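# Coordinate analysis (summary)
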Amino acid sequence: MEIPDFMAQFLKLREKELEQKVWEIWLTSYPYMSKDNFVSYEEMLQQVKYPEEKEVLNGVYVDQVGL
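Residues numbered from 1 in each chain as written. Predicted model: local features only at pLDDT ≥ 70, side-chain atom pairs only at ≥ 80, totals over all residues. Heavy atoms only, no water.

On the surface, a cluster of nonpolar side chains totalling about 760 Å² of accessible area is made up of Met1, Ile3, Phe6, Met7, Phe10, Leu11 and Leu13. Relative to the helices and strands, Ile3 resides in helix α1 (residues 3–29). Accessibility expressed as a relative area gives 64% for Ile3, which makes it exposed. (Patch = residues over 30% accessible without salt bridge, like charges linked within 9 Å, V, L, I, M, F, W, Y side chains within 5 Å. Areas by Shrake-Rupley, 256 points an atom, 1.4 Å probe, with all protein chains shown as cover. Salt bridge = Lys/Arg side-chain N within 4 Å of Asp/Glu carboxyl O. Helix = DSSP H or I, 4+ residues; strand = E, 2+ residues; numbered from the N terminus. Buried < 20%, exposed > 50% of the residue type's maximum accessible area, 1.4 Å probe, protein only.)

Following this line, the structure appears as C-alpha cells:
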C-alpha cells in the first residue's frame, strides 16, 4: 500500500471514530433535550468538526469529543 492511500484510509478511520463518539454523546444527551435546548446530531457533529469557539453543548464541551 502506498503512503497516500494509507493516509487517506487513516484519515477516513479517524473521521468515522469521531462520528461514532459524537453519536454516543448525542444519544446520551437526547433524553434530556427539550424543544428549547434541542441540538440535532448533524449540528453537534458540525460544531465538533468545525469549532468556532469553546462552547458547552448539553453539559459537554464540544472540544472534549475531538480526537
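This part covers the pattern of salt bridges. By the definition in use, this model includes three salt bridges. The shortest N-O distance in the salt bridge between Glu19 and Lys16 comes to 3.6 Å. You can see Glu19 and its partner Lys16 sitting in helix α1, three residues apart, about one turn around the helix. Overall, Glu19 belongs to the buried group, its relative accessible area being 16%. Ionic contacts of the salt-bridge type, sharing partners, join the residues Glu15, Lys16, Glu19 and Lys49 into one network.

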